[in-house]
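Each chain is listed here by its residues.
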Amino acid sequence: MTDSHLPRRTLLRYGAYGAGAAALAATAASWDRLTGADIPGRDDGSLVVATLGSAFDPATVDALAKGFHRLHPDIPLRVNAVQAVDWSDFFAKILTQIAAGSAPDLVYVATEGVQLFARRLGVPLDRWVRRDAAELREYFADVHPSLVESMMYEGNLYQLPMEFNAGDMYLNKQVLERAGAGFPAADWSRDDFTALLREMKRAGDAHFTPYFWTNRLWGGVVPWLFANDTNLLRESKAPGGSWLWDAFYPAADRRGRGGGFRWTTPQATADRVEEAYDYLASLVQENLCTRPEGGNGSNLVGVFSTGRVGVTPAGGFWAGGLHLAGMRAADYDVQYFPRWRTQRHQFGAAGYALLRTSKKQEAAWEFIKYAARKDTMTRLFQSNQTTPARRSMLNAARYAASGPAHWQVFYDTLDRFPDTGPIPAPPQVAEVTDVLLKYTGIALASPRAVGPALRRMQGDLEQAMEREV
């Protein structure tokens, strides 16, 4: 059920926003004793940027380094493309580098690591953003404020978003045709979604599954919680951030913004959370979807492209993945996530974070600015392996070969639904994720398991959130 033609970097993006936090937590907890930055001979003078090697192809990494050298020939650069099987393995290898006294200056960090990184390891970018405001004005005008806000922590900005992926719905058009069903409207409801799955099921055989989803923080149960106007943890906004919003965004775009998200009290036993789990349990019991599997969804491209799965949640990264796996643009399309009480969507984003132990912080800031330039990002994200954070990069030409027809959905998920927000990722995200995945599997294992599983989840979440990181 796997598809060997799908590049590993695309699969990693499928799980990029649901893994890696545990290793980063270990890094944070051990930071003071592991840096070894003062050991002689450990620094060759280069600015070191650590990326997940499998997330970008070698030619792209090489172009990134050469372009920076042309702009800053006085700053030697080493891009450490760490080869790892997933983001968790990546952070474990970063930890090893730190233990060896060779900590990088910059690390590419996804949403799960933003707050933990900011709290223990990172440097706020505020003073540089203020200083270079004129140079950055074009960047912020091209990037949705929700992405920027997701990179803030307690009033400070820690990363410039480079990419993101919102949780939309991919549909196999051959399966739709087989079921005699039309493409859903943008404002389709949860009931419309259920009805479509039933139509697909009636037209399929015993090996067909209408809806497939993977048990993880990004794209698992969380989008259903958002659609039902709730969340795993109580959500609010930190104060502050006006220094950024007032400087770069018009009044309409900065209304309601703050200094970053706060996720605090667990609410796994809240009525709307249980209602979302009950709904998913009903889909399992009706054989409209399977019990959620763990992992990064590496088996999904094969079953989706061959028509054995009809609908699945995924982000813009899947456009490139399906194309590279041989699926024609005409054979699939994408639509917003269905409306329930709301049509709020979830997303995960990523960008470069600066380590506070770096002795090359000015040079590191120059790299961050360079990486956020449109020409740099255009070279970096050529194959639609993600959704660029810059709105202007999404156009018909970009998706002419790969599809989908409704490619506008990717960025319009932010523009059309301004309450769309990041997956819940507090500094304790490693423990929170483990608890969520464990009890989601238990809750959907059998009828009448939802209530007891969520009560146990609540207790474990409360313990997780009490831990210092």
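Our structure's up above, just so we're on the same page.
Here goes a summary of the coordinates provided.

What counts, and where the lines are drawn
Residues numbered from 1 in each chain as written. Predicted model: local features only at pLDDT ≥ 70, side-chain atom pairs only at ≥ 80, totals over all residues. Heavy atoms only, no water. Helix = DSSP H or I, 4+ residues; strand = E, 2+ residues; numbered from the N terminus. Buried < 20%, exposed > 50% of the residue type's maximum accessible area, 1.4 Å probe, protein only. Pairing = 2+ DSSP bridges. Phe/Tyr/Trp six-rings, centres within 6.5 Å; stacked < 30°, edge-to-face > 60°. Lys NZ or Arg CZ within 6 Å of the ring centre and 35° of its normal.

Moving on, we come to unusual backbone geometry. Omega for the peptide link from glycine 403 to proline 404 comes to 5°, which places this bond in the cis form. For proline 404, the location among the structural elements is in the loop between β14 (387–388) and α20 (409–416). A positive phi angle, close to 50°, is found at glutamate 154, a residue other than glycine. Of note, glutamate 154 is situated in the loop between β4 (152–153) and β5 (156–157). Its relative accessible area of 35% is what places glutamate 154 among the partly exposed residues. Even without glycine at this site, arginine 448 takes up a positive phi of about 65°. Relative to the helices and strands, arginine 448 is located in the loop between α21 (429–443) and α22 (450–466). A relative accessible area of 77% means that arginine 448 is categorised as exposed.

With that settled, consider the pairing of strand β13 (residues 346–354). Of all nine residues that make up β13, nine are buried, and the element is covered over most of its length. Two strands pair when backbone bridges link them, and strand β3 (residues 106–110) and β13 are joined in this way by five bridges, in the antiparallel orientation. Across the sheet, residue valine 107 finds its bridge partner in β13, namely alanine 353. Pairing analysis gives four bridges linking strand β6 (residues 163–166) to β13, with the strands arranged antiparallel. In the sheet register, alanine 166 faces β13, and the bridge partner there is phenylalanine 347. Note: β13 against strand β15 (residues 421–422), two bridges, orientation parallel. Across the sheet, glutamine 346 pairs through a bridge with glycine 421, a residue of β15.

Turning to the packing of aromatic side chains, a few remarks are in order. In total, this model carries 29 aromatic pairs according to the counting rule given. Both rings, one in tyrosine 399 and one in phenylalanine 410, keep their centres 5.6 Å apart while their planes meet at 45°; by these two values the pair is tilted. Of this pair, tyrosine 399 sits in the loop between β14 and α20 while phenylalanine 410 sits in helix α20, and the two are 11 residues apart along the sequence. According to the relative accessible area criterion, tyrosine 399 is buried, its value standing at 2%. You can call phenylalanine 410 buried: its relative accessible area is 1%. Members of the aromatic cluster, connected to one another through ring pairs, are Tyr170, Phe304, Trp318, Tyr332, Tyr399, Trp407 and Phe410. Its guanidinium or amino end placed over the ring of phenylalanine 208, arginine 178 lies 4.9 Å from that ring's centre, counting from NZ or CZ. Here the guanidinium or amino end of lysine 237 rests over the ring plane of phenylalanine 261, the centre of that ring lying 5.1 Å away.

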